[in-house]
Amino acid sequence: MFLLHTNGIFTQMEAAKYIYHAKYFLNHGSFVTNNYWLYSTIIFLIALCIKLKLSFAFVVAIQFIVNLIALFMFYNLSFHFLRNRKLAWITSFLLACNIFYQWYNTFLYTESLFFSLTVIYSSYLLTLKRLRVRDMIFIGFLLALLSFTRPTGILFLVPTIFYIYYRFMNPLKAYVKTAFVIAWLGIFLFVLNRMMQTGGSLKFMVPFIKENVICGLDTVTSVPVNLPENGNSLWGLIQYIFMNSSQFLHLAVLKTMSFWGILRPYYSLPHNIGLAIMFYSFYVLGIVGLVIKWKEKDKRLIFLLGIILLYWVTTMLTCDDWHSRFFLTLTPFIFLLGMSSFINNSWKKVK
């Protein structure tokens, strides 16, 4: 509410794009290009406001409600993961008060819902004691909702597959478990490849051709010699990497520094200092917490590390966001790992 009072409802920049496409959908019953289906959750909410002649405050209200649900569920996950109510409260308080993360609740951006939905999805999955059919249906529904809110939502499928494999499928025979993993990884790759071919702004060769470390910021020093015929496909991406390996590795290093560095030259000094204090300290704490949880053989690490790794790799294969929004998606998981370092005097155990 403080952010809403301070900044109002932000309807510029990307928000203006989604407002335009909401109006376009109402007028034509379709999108300009198919890639906007992958952002359709926020577009349809905006379209509903326009159709019913409601204020955009309706969308923001929904974002606040979803965010509140996410915070309650994150507290529950924190309590299960940290096994300490005080640590769970502190971790939830850190997430609730992280202005860099919560900022988008007053924006008509896809992240406004996506951040909260990823927390709801992860909290539900990682607090399950047993996996029932209704749980699988609900997980599938949430995963589909994530994928139609932002295309990177599909990435959550991969760590989910391996978490279910190691957490819930031990009683099953090896060939059944193997078939499960192969089948779902096949579905993931098929869906991901189709999503890459939806067109519009999803042009996967552009960051390499224009050497974008930050999306849209061209830093061309050399022009790639070999381009695949269809760069908007998994095979095309693989071809490009092998045909231009030195350039890819160079850009991958720069994108990694941008992704984990999170500081930006166009931020104010206080802004960058705040980011550094908040997140760099949790890098150290997170490493300690990871060691502790690894020793405990906590299977939830499969999911947490899986999604962190996938977002990092995806940034190297595309480009980093102007405001580190890809990194910010991982904020709840980094906080969980960091606060794990305080479980039962964990620092003494590590030493």
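Residues numbered from 1 in each chain as written. Predicted model: local features only at pLDDT ≥ 70, side-chain atom pairs only at ≥ 80, totals over all residues. Heavy atoms only, no water.

Draft legend 1. Representation of the side chain of Thr 106 in the model. Here Thr 106 lies in the loop between α6 (99-102) and α7 (111-126). A distance of 3.3 Å separates the side chain of Thr 106 from the backbone oxygen of Trp 103, its partner in a polar contact. (Helix = DSSP H or I, 4+ residues; strand = E, 2+ residues; numbered from the N terminus. Polar contact = N/O pair within 3.5 Å; in protein donor to acceptor, adjacent residues only side chain to side chain.)

Draft legend 2. Expanded view of a nonpolar patch on the surface. On the surface, Leu 48, Leu 52, Leu 54 and Phe 58 cluster together into a nonpolar patch covering about 320 Å² of accessible area. Here Leu 52 lies in helix α3 (residues 40-52). (Patch = residues over 30% accessible without salt bridge, like charges linked within 9 Å, V, L, I, M, F, W, Y side chains within 5 Å. Areas by Shrake-Rupley, 256 points an atom, 1.4 Å probe, with all protein chains shown as cover. Salt bridge = Lys/Arg side-chain N within 4 Å of Asp/Glu carboxyl O.)

Draft legend 3. Up close: unusual backbone geometry. A positive phi angle, near 50°, is found at Glu 211, a position not held by glycine. Checked against the element boundaries, Glu 211 lands in the loop between α11 (206-209) and α12 (234-243). A residue is classified by how much of its surface remains accessible, and Glu 211, at 3% relative accessible area, is buried. Positive phi values are uncommon outside glycine, yet Lys 297 reaches one of about 55°. By the secondary structure assignment, Lys 297 is in the loop between α14 (269-296) and α15 (300-317). Given the relative accessible area of 70%, Lys 297 is considered exposed. (Buried < 20%, exposed > 50% of the residue type's maximum accessible area, 1.4 Å probe, protein only.)

Draft legend 4. Geometry of the packing of aromatic side chains. Applying the stated rule across the entire model yields 40 aromatic pairs. Seen from their ring centres, Phe 107 and Tyr 109 are 5.0 Å apart, and the 90° between their planes marks the pair as edge-to-face. When the ring of Phe 156 is compared with that of Tyr 311, the centres are 6.3 Å apart and the planes differ by 70°; the resulting orientation is edge-to-face. In this pair, Phe 156 is assigned in the loop between α8 (133-147) and α9 (157-168) and Tyr 311 in helix α15, connecting sequence segments 155 residues apart. Here the two residues Phe 156 and Tyr 311 agree in accessibility, since each one is buried. Connected via pairs of aromatic rings, a cluster forms that spans Phe 100, Phe 259, Trp 260, Phe 279, Tyr 280, Phe 282, Tyr 283, Trp 312, Phe 327 and Phe 335. The cationic tip of Arg 85 hangs over the ring face of Phe 79; the distance from NZ or CZ to the ring centre is 4.1 Å. A cation sits over an aromatic face here: Lys 293 above Phe 81, 4.2 Å from the ring centre. (Phe/Tyr/Trp six-rings, centres within 6.5 Å; stacked < 30°, edge-to-face > 60°. Lys NZ or Arg CZ within 6 Å of the ring centre and 35° of its normal.)

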